[in-house]
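Notes for the structure review
Read off the chains here:
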Amino acid sequence: ILKVSHNISGEIELNRLIEKLMITTLGSAGAQKGFLILAHEDGFYLEAEGNIDGVKIIPSTPVESYTEISQAIINYVKITKEVLVLNDTSQENQFQSDPYILRTRPKSILCSPVIKQYKLIGIIYLENNLMPNVFTRRRLDVLNLLTMQAVISLENARYVEQIRHDALHDTLTGLPNWNLLLARMMHAINRKKRQPTYDCCAIFLDLDRFKVINDSL
């Protein structure tokens, strides 16, 4: 656990952090598949999905529009901010009429809030479709420790992302600035050095004399 925690805490790239967190969570909890949902200013968005084959970072998708997850369980955790464990969905429970559960018949479900100072910043949703009673107390304790580390790491990574964005974009318009152009040019040049067959070019445009207008402002 300490090794994994150190591995997560040392990551500041948001996408790589999410990938590491998902791989670790799936393995530690004994889940077959899982999803990471993060809070944005205007709602909750699906950011990554994982299974036994690997983890995929996906474009931020409103969780309400995603059909491969139990909306009833997500809403329950959003409201209560409590961990929810269904050891056997075939047994009578308050979510047995949920369309997703009726359609997919998962065996075990774990849905855990990611909380910082009483504020819900994310949700981890896990499933095992082969066995009931997978998410034991011991695995829940491990997941809780990982979640505590994830809270700190996610906040740090998001802060770094914001700083990087502000450094590479105009603060007034949000448009890419000169620093971003230089960074992408250097990336292309370095890639060309590593891969001689890689072709790259740079195109400079001044649309409708916008540079003159921009400089005057």
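Above this text sits the structure in question.
In this report, we go over the structure that sits alongside the text. Note that the coordinates shown come from a computational prediction; the quantities given were computed from them, not determined experimentally.

A tally of regular secondary structure across the chain gives seven helices and six strands. For 217 residues, the compact-globule formula gives about 17 Å, and the C-alpha radius of gyration of the chain, at 22 Å, lies well above that figure. Taking the principal axes of its C-alpha atoms as reference, the chain extends roughly 70 × 35 × 35 Å. The proportion of buried residues among the 217 residues of the chain is 36%. Counting every atom, the chain has about 13900 Å² of accessible surface; 56% of that belongs to carbon and sulfur. One way to put it: in the chain the 24 positive side-chain charges average out to a point 6 Å from where the 24 negative ones average out.

Another point: the side chain of Glu47. Within the element layout of this structure, Glu47 appears in strand β2 (residues 43–51). Of the buried charged residues, Glu47 lacks a salt bridge, with Arg158 as the closest side chain of opposite charge at 5.2 Å. Here Glu47 is in contact with Ile18, Leu36, Leu38, His40, Lys56, Ile57, Ile58 and Ser60, once residues within four sequence places are set aside.

Moving on: the pattern of salt bridges. Taken as a whole and assessed by the stated rule, the structure comprises nine salt bridges. Between Glu13 and Arg164 there is a salt bridge, with its nearest N and O atoms 3.2 Å apart. Within this pair, whereas Glu13 is found in the loop between α1 (2–9) and α2 (14–29), its partner Arg164 is found in helix α5 (residues 137–168), the two being separated by 151 residues in sequence. Residue Lys78 is joined to Glu64 by a salt bridge in which the shortest nitrogen-to-oxygen separation is 3.7 Å. One end of the pair, Lys78, is in helix α3 (residues 71–80); the other, Glu64, is in the loop between β3 (54–62) and α3, with 14 residues separating them in the sequence. For Glu64, a relative accessible area of 51% gives the class exposed. Look at the salt bridges and you will find they share partners, linking Glu13, Glu161 and Arg164 into a network.

Looking now at the packing of aromatic side chains. Counted under the stated rule, the structure contains three aromatic pairs. Their ring planes at 50° and their centres at 6.1 Å tell us that Phe35 and Tyr125 sit as a pair that is tilted. Separated by 90 residues along the polypeptide, Phe35 in strand β1 (residues 33–40) and Tyr125 in strand β6 (residues 119–128) bring together distant segments of the chain. We classify Phe35 as buried; its relative accessible area is 3%. Between Tyr76 and Phe95, the ring centres sit 5.7 Å apart and the planes meet at 85°, which makes this aromatic pair edge-to-face.

About the cut-offs
- Residues numbered from 1 in each chain as written.
- Predicted model: local features only at pLDDT ≥ 70, side-chain atom pairs only at ≥ 80, totals over all residues.
- Heavy atoms only, no water.
- Helix = DSSP H or I, 4+ residues; strand = E, 2+ residues; numbered from the N terminus.
- Rg over C-alpha atoms; globule rule 2.2 N^0.38 Å.
- Buried < 20%, exposed > 50% of the residue type's maximum accessible area, 1.4 Å probe, protein only.
- Areas by Shrake-Rupley, 256 points an atom, 1.4 Å probe, with all protein chains shown as cover.
- Lys, Arg positive; Asp, Glu negative; His and termini not counted.
- Charge placed at Lys NZ, Arg CZ, Asp CG, Glu CD.
- Salt bridge = Lys/Arg side-chain N within 4 Å of Asp/Glu carboxyl O.
- Contact = heavy atoms within 4.5 Å.
- Phe/Tyr/Trp six-rings, centres within 6.5 Å; stacked < 30°, edge-to-face > 60°.

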